[in-house]
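Take a look at the letters that make up each chain.
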Amino acid sequence: MRRSSSSETVIKAYSIPIHPDEFLLKFIEDYHELAKTVLEEILNTERFTKVERKQLRDKLLEEWEYASHYIDSAINQMLGLVKSYKRKLKKGKKASKPRLRKKFVYVKSTLITLNGPVLSVRITRKG
């Protein structure tokens, strides 16, 4: 949880146990593979500019059957990992090349709705 000065902001993260079906398990696996692909692309690029980012996003969207937010999310998360890694290297600190071990999915709050006791997370594209 993070708090700021006068205009107080509270950010909370929850881990909610679920009983996934085959669709959800496939989605989590697909996101994991997407994130690994993004990580490799960013690591293999000397400078990851806005142009490279847009090209990567467009390329990944061609085959992606889920909401496009998840591609943006994977790019942002992996970019953060690589920046941290490169910052450590630049400072001369020991750093191992980033890699993904655990499977995870980051979900933007705009994809979440709460209807009474039911929390819904949009996974696929609208339409």
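An account of the accompanying structure is given in this report. (Residues numbered from 1 in each chain as written. Predicted model: local features only at pLDDT ≥ 70, side-chain atom pairs only at ≥ 80, totals over all residues. Heavy atoms only, no water.)

1. Observations concerning the overall build of the chain
At step 1: Looking only at helices and strands, the chain has 3 helices and 2 strands in total.
At step 2: Ordered by position from the N terminus, the helices and strands of the chain form the series α-α-α-β-β.
At step 3: Expressed as a percentage of its 127 residues, the buried residues of the chain come to 24%.
At step 4: By element, 51% of the accessible surface of the chain is carried by carbon and sulfur atoms, the whole surface being about 9,900 Å².
At step 5: Charged side chains in the chain number 28 positive and 15 negative. The centres of these two groups are separated by 11 Å. (Helix = DSSP H or I, 4+ residues; strand = E, 2+ residues; numbered from the N terminus. Buried < 20%, exposed > 50% of the residue type's maximum accessible area, 1.4 Å probe, protein only. Areas by Shrake-Rupley, 256 points an atom, 1.4 Å probe, with all protein chains shown as cover. Lys, Arg positive; Asp, Glu negative; His and termini not counted. Charge placed at Lys NZ, Arg CZ, Asp CG, Glu CD.)

2. Some points on the environment of His-19
At step 1: Considering the arrangement of structural elements, one finds His-19 in the segment before helix H1 (22–43).
At step 2: We classify His-19 as exposed; its relative accessible area is 82%.
At step 3: With 107 residues separating them in the primary sequence, His-19 and Lys-126 have C-alpha atoms 24 Å apart.

3. Overview of the pattern of salt bridges
Note that side chains of opposite charge can pair when their charged atoms are close.
At step 1: Evaluated as defined, the whole model comprises 7 salt bridges.
At step 2: As a salt-bridge pair, Glu-41 and Lys-59 come within 3.3 Å of each other at their nearest N and O atoms. Linking Glu-41 in helix H1 with Lys-59 in helix H2 (residues 50–63), this pair joins segments that are 18 residues apart in sequence.
At step 3: Using a relative accessible area of 44% as the deciding quantity, one classes Lys-59 as partly exposed. (Salt bridge = Lys/Arg side-chain N within 4 Å of Asp/Glu carboxyl O.)

4. Describing the packing of aromatic side chains
At step 1: Under the criterion given, the structure shown has 7 aromatic pairs.
At step 2: On the numbers, 5.9 Å between centres and 75° between planes, the contact of Tyr-31 with Phe-104 is edge-to-face. Of the two residues, Tyr-31 sits in helix H1 while Phe-104 sits in the loop between helix H3 (69–90) and strand S1 (112–115), which places them 73 residues apart along the sequence.
At step 3: Overall, the relative accessible area of 0% leaves Tyr-31 in the buried class.
At step 4: Judged by its relative accessible area of 23%, Phe-104 is partly exposed.
At step 5: Judged by centre distance (5.1 Å) and plane angle (65°), the rings of Phe-104 and Tyr-106 are edge-to-face.
At step 6: Note on Tyr-106: relative accessible area 40%, which makes it partly exposed.
At step 7: Ring pairs connect the aromatic residues Phe-23, Phe-27, Tyr-31, Trp-64, Tyr-66, Tyr-70, Phe-104 and Tyr-106, which therefore count as one cluster. (Phe/Tyr/Trp six-rings, centres within 6.5 Å; stacked < 30°, edge-to-face > 60°.)

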